[in-house]
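Here's the letter readout for the chains.
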Amino acid sequence: MRFLSRGAIAAMLLGCAVTSGHAAERAIVVFDASGSMWGQIDGKPKQVVARDTLRSVLQTLPSGAELGLMAYGHREKGSCADIELIVPPAAGTASAITQAVDGLKFVGKTPLTAAVRQAAEALKYTEQKSTVILVTDGVESCEADPCALGRELEQAGVDFTAHVVGFGLTADEGREVACLAESTGGKYLQASDAEGLRQALATAVASSPEPATPEPAPPVATPAVPAPAAQSVEPAPPVVAEPAPEPAAPQPAPAEPAAPEPTPPAAAPTEPAPTPPVAAEPQAEPAAPAPAMPEAPAAAPQPAEPTAAPANDAAIDAGHVTVNALYAPAGMRVDASGLDVRIFKARPNADGTREQVAYSFGAGSKFDLAAGDHVAVVKLDQVEVEQPFNVRAGETKDVTAILNAGILEISAPAAKDIKVLSTTRDAQGERKQFGQGFGGPYRTTLPAGDYVVTTDRRDGTAARETAVRVRLGGRTELTIE
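This structure is a prediction, so every number in the text was calculated from the model and none was measured.

### Regarding the overall build of the chain
Move 1: Within the chain, the secondary structure is distributed over 14 helices and 24 strands.
Move 2: For the chain, with 481 residues in total, the buried portion stands at 42%.
Move 3: In the form shown here, the chain has an accessible surface area of approximately 23500 Å², with 54% of it arising from carbon and sulfur atoms.

And the structure:
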């Protein structure tokens, strides 16, 4: 079993969907939405960390990559058949996958073996090259053998590969799923640190796909116009170095070249080559055009000038927005790295959805946005609010979202399972679940109001229910013996 660096996790996730940075490969991410994903790492639910890191990878996914999403355990409790292909593999699915993961509920079991099999079949693994990426925080819980499946898929598949990301698994648990990857020539990657995983993904994704993109860019810029003149212009730079000491002429030139500049470039290549005398005459009679000609080639090789112009234009056209959040009006400011901020265009699409234009994590997130109307969707633990705003070009603006929430801290040393539920029931008699922890102290942010906390005890005694009220803008501490 191989334990790779955190940076390799990002490289695998991105690389499996892109081969050599150019050719697209069909792949499906199998995402664990079982109830155990409510367990915490560094004080944050694992499902939040996994969702955020996947989103960061998708933001850099090349447009040609064909990626899909399958989830399990997101609809029914205790069902081994709760597996769904939510987003079929196709190009340009990053936004759809992000929205689908954001809407998952984490309630069920871990039928990971059956899910990987269904993903392989959806990719037609017996007919074409395909890859499955399993992201799981638990081992198989539906009496299936992932190792046997790995061997079966390897034998029957056409260049089939399965990668497994074990998120928060112990070494022993990792061995139970690593064979699925190793049997197919894939990688088992173990991640156990929330912040480290996010940073590694961001670093690896930033460095992995970029080399493929800049390569085509230079050839496009070069052949534009100078292609034929490039050979004759190349010797010109040394010649330009000689007229360089004639900067005195360029000073008067700026007044006139504004209009004449379009015409001299055409004459520039012909005058020096065919008729040197003609080049000498314009230097004597029209002093302005003569300096304009050396200036044009001199400015062209300097990348600073063309680069600065668009950068300045972009800065002027954009509005600069900083997003923060308060627990309550005139209340305490949210200071948490777990704050999830997404920016959408205010105007919805024809299907009612809105286009996401930016995202970030943490309080004080900064954005450069096109002028116009936007909506900031701010999420922290169990609270999500929308804050509309407008920004003008060149404007610097602070946007503050009011969560109308409080913090609940639960200490239940004898409990193995902690759930926060609504006080009311739906038509099926079920109460809405707002959060879940597995042993130890549990901390979460909730909309202000009344809740019921249930605890399953380690000693096997009956579960307990405790009523609690979360105060607006306050901190509520609950101890359950």
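### Observations regarding the environment of Ser183
Move 1: Take Ser183: it is sitting in the loop between helix H6 (171-182) and strand S10 (188-191).
Move 2: Spatially, the C-alpha atom of Ser183 lies 5.2 Å from that of Gly150, the residues being 33 residues apart in sequence.
Move 3: Of the polar contacts made by the side chain of Ser183, one reaches the backbone oxygen of Cys179; its length is 2.7 Å.

### Concerning helix H3 (residues 94-102)
Move 1: Listed in full, the buried residues belonging to H3 are Ile97, Thr98, Ala100, Val101 and Asp102.
Move 2: For H3, the secondary structure elements touched by its buried residues are strand S3 (26-32), helix H2 (46-58), strand S6 (66-72), strand S7 (83-91), strand S12 (340-345) and strand S15 (372-380).

### A few points about the packing of helix H5 (residues 146-156) against H6
Move 1: Running from amino to carboxyl end, H5 crosses H6 at an angle of 5°, the nearest separation of the two axes being 7 Å. Here H5 is positioned roughly parallel relative to H6, judged by the angle of their axes. Contact residues: H5 offers Pro146, Cys147, Leu149 and Gly150, while H6 offers Glu176, Cys179 and Leu180.
Move 2: Per-class residue counts for the contact of H5 with H6 are 5 nonpolar, 1 polar and 1 charged.

### A word on the side chain of Gln382
Move 1: With respect to the helices and strands, Gln382 occurs in the loop between S15 and strand S16 (383-391).
Move 2: Judged by relative accessible area, Gln382 falls into the buried class, the value being 18%.
Move 3: Engagement of the side chain of Gln382 in a polar contact is seen with the backbone oxygen of Phe434, the distance being 3.0 Å.
Move 4: Dropping the residues within four chain positions of it, Gln382 is found in contact with Trp38, Phe434, Gly435, Tyr442, Thr444, Thr445, Leu446 and Pro447.

### Considerations on the pattern of salt bridges
Move 1: Within the structure shown, the criterion is met by 21 salt bridges.
Move 2: For the salt bridge of Glu66 with Arg26, the shortest nitrogen-to-oxygen distance reads 3.3 Å. Taken together, the positions of Glu66 in strand S6 and Arg26 in strand S3 put the pair 40 residues apart, joining distant regions of the chain.
Move 3: Classification of Glu66 as partly exposed rests on a relative accessible area of 26%.

### Looking at the packing of H2 against H3
Move 1: The N-to-C vectors of H2 and H3 enclose an angle of 175°; their axes lie 10 Å apart at closest approach. Judged on the interaxial angle alone, H3 and H2 are roughly antiparallel. For the pair H2 and H3, the contacting residues are Arg51, Leu54, Arg55 and Leu58 in the first and Ala94, Ile97, Thr98, Val101 and Asp102 in the second.
Move 2: In the contact of H2 with H3, the residues fall into 5 nonpolar, 1 polar and 3 charged.

### With respect to unusual backbone geometry
Move 1: A positive phi is found at Asp159, a non-glycine position, where the angle reads about 55°.
Move 2: Along the polypeptide, Asp159 turns up in the loop between H5 and strand S9 (160-167).
Move 3: The phi dihedral of Asp381 is positive, around 55°, even though this residue is not glycine.
Move 4: Counting through the fold element by element, Asp381 comes out in the loop between S15 and S16.

### Examining the sheet that holds strand S21 (residues 442-447)
Move 1: The 3 strands are arranged S21-S18-S24 in an open sheet whose pairing can be described as mixed. Single-partner strands in this sheet number two, and they are S21 and strand S24 (475-479). Adjacent strand axes in the sheet meet at a mean angle of 25° when their direction is disregarded.
Move 2: Strand direction decides the pairing type here: strand S18 (residues 405-411) and S24, joined by 5 bridges, are parallel.

### Thoughts on the nonpolar core
Move 1: Among the nonpolar cores identified, the biggest contains 25 residues, and Val30 and Leu134 are the most heavily contacted of them.
Move 2: Elements that contribute at least two residues to this core include exactly S3, S6, helix H4 (112-122), strand S8 (130-136), H5, S9 and H6.
Move 3: No other element matches H4, which puts 5 residues into this core.
Move 4: The contact partners of Val30, leaving out residues within four places of it in the chain, are Met70, Tyr72, Ala115, Ala119, Val132, Ile133, Leu134 and Val135.

### Here we look at the sheet that holds strand S19 (residues 415-421)
Move 1: Pairing in this open sheet of 4 strands is antiparallel, and the strands run S20-S19-S22-S23 from one edge to the other. In this open sheet, the two edge strands, each paired with only one partner strand, are strand S20 (433-437) and strand S23 (464-470). Each strand axis lies, on average, 20° off the axis of its neighbour in the sheet, ignoring direction.

### Considering the confidence of the model for the chain
Move 1: For the chain, mean pLDDT is 74; residues scoring 70 or higher make up 67% of the total.
Move 2: Of all helices and strands in the chain, the one with the weakest mean pLDDT is strand S2 (residues 23-24) (40), whereas strand S17 (residues 396-402) scores best (96).
Move 3: Segment residues 1-11 is flagged for pLDDT under 50; beyond a separation of four residues in sequence, or across chains, it makes 33 contacts in the model.
Move 4: Note that pLDDT drops below 50 for residues 199-315; the model gives that stretch 50 contacts with residues more than four away or on any other chain.

Rules used in this analysis
Residues numbered from 1 in each chain as written. Predicted model: local features only at pLDDT ≥ 70, side-chain atom pairs only at ≥ 80, totals over all residues. Heavy atoms only, no water. Helix = DSSP H or I, 4+ residues; strand = E, 2+ residues; numbered from the N terminus. Buried < 20%, exposed > 50% of the residue type's maximum accessible area, 1.4 Å probe, protein only. Areas by Shrake-Rupley, 256 points an atom, 1.4 Å probe, with all protein chains shown as cover. Polar contact = N/O pair within 3.5 Å; in protein donor to acceptor, adjacent residues only side chain to side chain. Contact = heavy atoms within 4.5 Å. Axes fitted to C-alpha atoms, helices over the stretch in contact; angles between N-to-C directions. Parallel < 35°, antiparallel > 145°, perpendicular 65-115°, else oblique. Nonpolar A, V, L, I, M, F, W, Y, C, P; charged D, E, K, R; others polar. Salt bridge = Lys/Arg side-chain N within 4 Å of Asp/Glu carboxyl O. Pairing = 2+ DSSP bridges. Core = buried A, V, L, I, M, F, W, Y, C linked by side-chain atoms within 4.5 Å. pLDDT = per-residue confidence, 0-100.

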